[in-house]
2 protein chains.
Amino acid sequence: MSYSVGQVAGFAGVTVRTLHHYDEIGLLVPGGRSHAGHRRYDDADLDRLQQILFYRELGFPLEEVAALLDDPKADPRAQLRRQHELLTARIERLQQMAAAVEHAMEARRMGINLTPEEKFEVFGDKDPEAHAEEAERRWGGTETYEESQRRAATYTKDDWKRMQAEVASWGERYDALMAAGEPPTGEAAIAMAEEHRQHITKWFYECTYEIHQGLAETYVSDERFKEFYDSMRPGLAEHLREAITANAARHTS
Amino acid sequence: MSYSVGQVAGFAGVTVRTLHHYDEIGLLVPGGRSHAGHRRYDDADLDRLQQILFYRELGFPLEEVAALLDDPKADPRAQLRRQHELLTARIERLQQMAAAVEHAMEARRMGINLTPEEKFEVFGDKDPEAHAEEAERRWGGTETYEESQRRAATYTKDDWKRMQAEVASWGERYDALMAAGEPPTGEAAIAMAEEHRQHITKWFYECTYEIHQGLAETYVSDERFKEFYDSMRPGLAEHLREAITANAARHTS
DNA sequence: GTGCGTCCTCACGTCGGGTGAGGTGCAAGC
DNA sequence: GCTTGCACCTCACCCGACGTGAGGACGCAC
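Residues numbered from 1 in each chain as written. Chains lettered and ligands numbered in written order. Predicted model: local features only at pLDDT ≥ 70, side-chain atom pairs only at ≥ 80, totals over all residues. Heavy atoms only, no water.

**Description of the protein's contact with DNA strand C**
- Close contacts around DNA strand C come from 18 residues, with S4, H20 and R39 of chain A together with T15 and L62 of chain B the closest.
- Per the 4 Å cut-off to the protein, sugar and phosphate atoms form 81% of the nearby atoms of DNA strand C.
- Between DNA strand C and the protein, one listed contact pairs a base oxygen with a side-chain N or O atom of R17 of chain B at 3.1 Å.
- Looking at the surface near DNA strand C, the elements that each hand over two or more residues are α1 (5-12) of chain A together with α2 (16-24) of chain B.
- The biggest single contributor to the surface near DNA strand C is α2 of chain B, with four residues.
- By residue class, the composition of the surface near DNA strand C is five nonpolar, nine polar and four charged. (Near = heavy atom within 4 Å. Polar contact = N/O pair within 3.5 Å; in protein donor to acceptor, adjacent residues only side chain to side chain. Helix = DSSP H or I, 4+ residues; strand = E, 2+ residues; numbered from the N terminus. Nonpolar A, V, L, I, M, F, W, Y, C, P; charged D, E, K, R; others polar.)

Printed below as a string of structure tokens:
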């Protein structure tokens, strides 16, 4: 069984030119040539191509791909293990990005102004310095709630107002609920947690129960988020977190 | 608050040159310039840069990134929704790739010879034609079990033999177990399922309970995989699937 | 023999930047 | 006051991973 460039290009989903290129740079030299000089790929070549495409997809430069594949002390078992690790690492990375996106949007929803460093946190730039100076800018600056609101206002003003009204209404009702001594695991609190989740879904993005729980954690762990909720009533942040957790538990069981 | 190229490059984790480039092509033009002609980026620029990097990371060409960001009918809400969708789609894709890698390795373990089309299945090339002709090659070909074994033999011969011995031993014991009338949910069968899982982990890759269950499904749904197991004893494939499921359930509860 | 389809080999174009070369503006140290 | 250093500027060529013709060879079909 041997295949022409066209056939291989066909089922591998690459162009003929790409195969030519790989031949040129010695990354994938076909097992043989026909008498007319046409490239003939055998099954081993296909296996190799599959591996090449795998690593390419994950963004490796071709030179490194060659190194990985020609590594003599990497048998198929090691290859597989590596591929599997790469994939799971990648997935984790994306999940972190998703979490960061959710986080960023929550900040926006509350009119919290992230520092530049925080904005780029997603991209994994663990550079924990310039932190004193940063706090200066953050708390000493003159950027107000109002101002950051203005910046977020690519919404129509009406939309924004209506959303704020919903938030306010929800806040008052949650305040009342706590005043009445309702526990976080009670029906009333759980209903409010669910309303909170649906508010996010309505105005921002599909907020799953899982995501919601993630957000709940930051409401108590991040000072600014906590302040947002505690300003409605002291202790609200924690109360809400527990209600959200209870609500999530109910729906994932 | 405004920042120089160097500062921005710093916390965004890109080079100064990149920022120059983005300015040149009009993708990110700084809000202003200092009297000396130095670029000054303001907070809105940072937000935009963050978005740019997000889409770039997902592989969009810069021109498209510009189109996405300058789309007038995409408010922050729509952006967020889109980003979130892109991420979850990407994650799903990677998970499929991971599953395909697992699948490929199982095939190798059993000496099953995938058709070229199957080898590239991962890369999503749904082209369900040329299927009759394909079956010809697949079943009519002369490639034997032996041959495909040979190709997979980048293992040391010893390793391969020892692995095969383990498989054989396991098969005999599973055969006996079924002959004795053990149910798939019984202790003995579950122990065999667990041994099966650990065999894969030992020789190939970290096989989680979740992955194991995925494999179990293909053992009954893919004719060739089914044949591999049923040749040890008719009905073994299905028996094993249920045992694996029971074993997985025990460990994830 | 004349299409046609697929293959071949140059060889230049494109995209997203990297990497100097050579020059300017400004603060600090001598 | 002068120079040294640093961060910035523009101009311009270089690179990887192909895309995109141009111009030609093969084989089969009519």
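Structure shown, so let's carry the discussion forward.
**Side note on the packing of helix α10 (residues 187-203) of chain B against helix α11 (residues 209-221) of chain B**
Residues and elements named next belong to chain B.
- Direction vectors running N to C along α10 and α11 enclose 105°, while the axes themselves pass 11 Å from each other. With respect to their mutual orientation, α10 and α11 come out roughly perpendicular. Of the residues in α11, those in contact with A193, E194, H196, R197 and I200 of α10 are Y209, H212, L215 and Y219.
- Tallied by class, the residues present in the contact of α10 with α11 amount to five nonpolar, two polar and two charged. (Axes fitted to C-alpha atoms, helices over the stretch in contact; angles between N-to-C directions. Parallel < 35°, antiparallel > 145°, perpendicular 65-115°, else oblique. Contact = heavy atoms within 4.5 Å.)

**Brief notes about the pairing of strand β3 (residues 39-42) of chain A**
Residues and elements named next belong to chain A.
- In β3, alternate side chains face the same way, and those of R39 and Y41 are buried while those of R40 and D42 on the opposite face are not.
- Here strand β1 (residues 2-3) runs beside β3; their pairing, made up of two bridges, is antiparallel. Across the sheet, the residue bridging to S2 is D42, located in β3.
- With two bridges connecting them, strand β2 (residues 32-33) and β3 associate as antiparallel partners. Within β3, the position partnered with R33 by the bridge is R39.
- What sits between the antiparallel neighbours β2 and β3 is a turn of five residues, in which G37 has the positive phi angle 90°. (Buried < 20%, exposed > 50% of the residue type's maximum accessible area, 1.4 Å probe, protein only. Pairing = 2+ DSSP bridges.)

**Some points on the environment of A246 of chain A**
All names here are of chain A.
- Among the structural elements, A246 can be located in helix α13 (residues 236-252).
- When the C-alpha atoms of A246 and P184 are compared, they prove to be 7.8 Å apart, with 62 residues separating the residues in sequence.
- In contact with A246, not counting residues within four places along its chain, are T185 and I190.

**A few points about the protein's contact with DNA strand D**
- Contacts to DNA strand D come from 17 residues, most closely from T15, H35 and L62 of chain A together with S4 and H20 of chain B.
- Here a phosphate oxygen of DNA strand D sits 2.5 Å away from a polar atom, N or O, in the side chain of H35 of chain A.
- Between DNA strand D and R56 of chain A, the relevant distance is 3.1 Å, taken from a phosphate oxygen to a side-chain nitrogen or oxygen of the residue.
- Secondary-structure elements contributing two or more residues to the surface near DNA strand D are α2 (16-24) of chain A together with α1 (5-12) of chain B.
- Here the surface near DNA strand D takes four residues from α2 of chain A, the largest share from any one element.
- The residue makeup of the surface near DNA strand D, split by class, is four nonpolar, nine polar and four charged.

**Things to note about the confidence of the model for chain A**
- Put simply, chain A has an average pLDDT of 82, and 83% of its residues get 70 or more.
- Considering only residues more than four positions removed or in separate chains, one finds that residues 125-153 of chain A, a stretch of pLDDT under 50, has 33 contacts. (pLDDT = per-residue confidence, 0-100.)

**Observations concerning the nonpolar core**
- Y174 of chain A together with Y174 of chain B are the most contacted members of the largest nonpolar core, which totals 125 residues.
- Y174 of chain A has contacts with A189, M192, L236, H239, L240 and A243 of chain A, leaving out every residue within four places of it along the chain. (Core = buried A, V, L, I, M, F, W, Y, C linked by side-chain atoms within 4.5 Å.)

**So, the side chain of N247 of chain A**
Residues and elements named next belong to chain A.
- Along the chain, the position of N247 falls in helix α13.
- Taking the relative accessible area as the measure of exposure, N247 reaches 2% and is therefore buried.
- Apart from residues lying up to four places away in sequence, N247 is in contact with I190, A193, E194 and Y209.

**As for the sheet that holds β2 of chain A**
- Read from one edge to the other, the open sheet built from three strands follows the order β1-β3-β2 (chain A), with strand pairing classed as antiparallel. The open sheet has two edge strands, β1 and β2 of chain A, and neither has a second partner.

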